[in-house]
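# Report on the structure
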Amino acid sequence: MSDIEIPESHPRYQSLLTRHRIEAGVEKGITSNQGLIAQGRGEAFDYLLGEQTIPSADAAERAAAAHLLLADHPVVSVNGNVAALCPAEVGELAEAVGADVEVNLFNRTEERMQAIADHLREHGVDEVKGLTADGRIPGLDHERAKVDADGIRSADVVVVPLEDGDRAEALGEMDKVEIVVDLNPMSRSAQVATVPIVDNIIRALPNITVHAEELSGASCEELEAIVADFDADDALGAAEKAIRSGGDE
Ligand code: PTJ
């Protein structure tokens, strides 16, 4: 991470780098103006969490890795904020678990779809789905429902970072395993997730990859035990407690 002129030892380094990447994303036509607002909201929660991966989030990231390794067809969904903040990390996670990468936007325009697909390719993601849009998520209006038939539509496990609540609910109703990354444990997306990860996307994705690499030799029984041990309500409760007490669970 070296795209800003601030020493990594600066106490606000990660936060300033994140802001810079979102600003650059807007300039490049990747991130929407609403993405700036979403980033501000996320930052507030991250500040209260102590800008750290709390133990319950680490456990959720391990459970997410186990789900992804057990999946027949996992897909990582990418929006304008995720593309700006961690494009290379999306590719690394997809490679570690054999997942497809699909661009899926709340404010969908063909220009942003193309710009994000190009940006992901520049950062090492070879195949980017989402542009075909020949599938639909039932229960959503036309533009927001668009997905690829051989991508999110037919996936059994989806990673949906910073997702809008309506779409998170609609995906949940399709009986998919839904892994949500959202710094707000009270958001509808986090509440409907099979695995809610209350952590900053810039820490969460690399940590899921680390867990996936560690678990790559594990048996199905071991992975299923990790999945069974994880309790979404406990994770959400622990995150809310940490936010209310300044980072301690
Ligand atoms: O690129 P698009 O068009 O698909 O739009 C993307 C945004 C994020 C603008 C859109 O999905 C949106 O409006 O989302 P919301 O409803 O603002 O929800 C975003 C959630 O992500 C909020 O609960 C934030 O707290 C959370 N969030 C923001 N930044 C981060 C985050 N969670 C994890 N890591 C972050 N860096």
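If you're wondering where the values come from, they're calculated on a predicted model, not measured in any experiment.

## Concerning the pattern of salt bridges
Side chains that carry opposite charge are capable of pairing whenever their charged atoms lie near each other. Going through the model one piece at a time under the given rule, you end up with 15 salt bridges. Notably, a salt bridge pairs Arg167 with Glu163, separated by 3.0 Å at the nearest N-O pair. A relative accessible area of 2% places Arg167 in the buried class. Among the residues examined, Glu163 registers a relative accessible area of 10% and is labelled buried.

## Some remarks on helix α8 (residues 165-173)
Taken together, the buried positions of α8 are occupied by Gly165, Arg167, Ala168, Ala170 and Leu171. Structurally, α8 contributes buried residues whose contacts are with α7 (142-145), β6 (157-161), β7 (177-181) and α9 (188-192).

## Considering the side chain of Glu61
With respect to the secondary-structure elements, Glu61 resides in helix α3 (residues 55-70). For the buried residue Glu61, which engages in no salt bridge, the nearest side chain bearing the opposite charge is Arg203, 6.9 Å off. Residues contacting Glu61, with those up to four places away along its chain left out, are Thr53, Ile197, Asp199, Ala204, Asn207, Ile208 and His211.

About the criteria used
Residues numbered from 1 in each chain as written. Predicted model: local features only at pLDDT ≥ 70, side-chain atom pairs only at ≥ 80, totals over all residues. Heavy atoms only, no water. Salt bridge = Lys/Arg side-chain N within 4 Å of Asp/Glu carboxyl O. Buried < 20%, exposed > 50% of the residue type's maximum accessible area, 1.4 Å probe, protein only. Helix = DSSP H or I, 4+ residues; strand = E, 2+ residues; numbered from the N terminus. Contact = heavy atoms within 4.5 Å. Lys, Arg positive; Asp, Glu negative; His and termini not counted.

None of this, on its own, says anything about what the molecule does.
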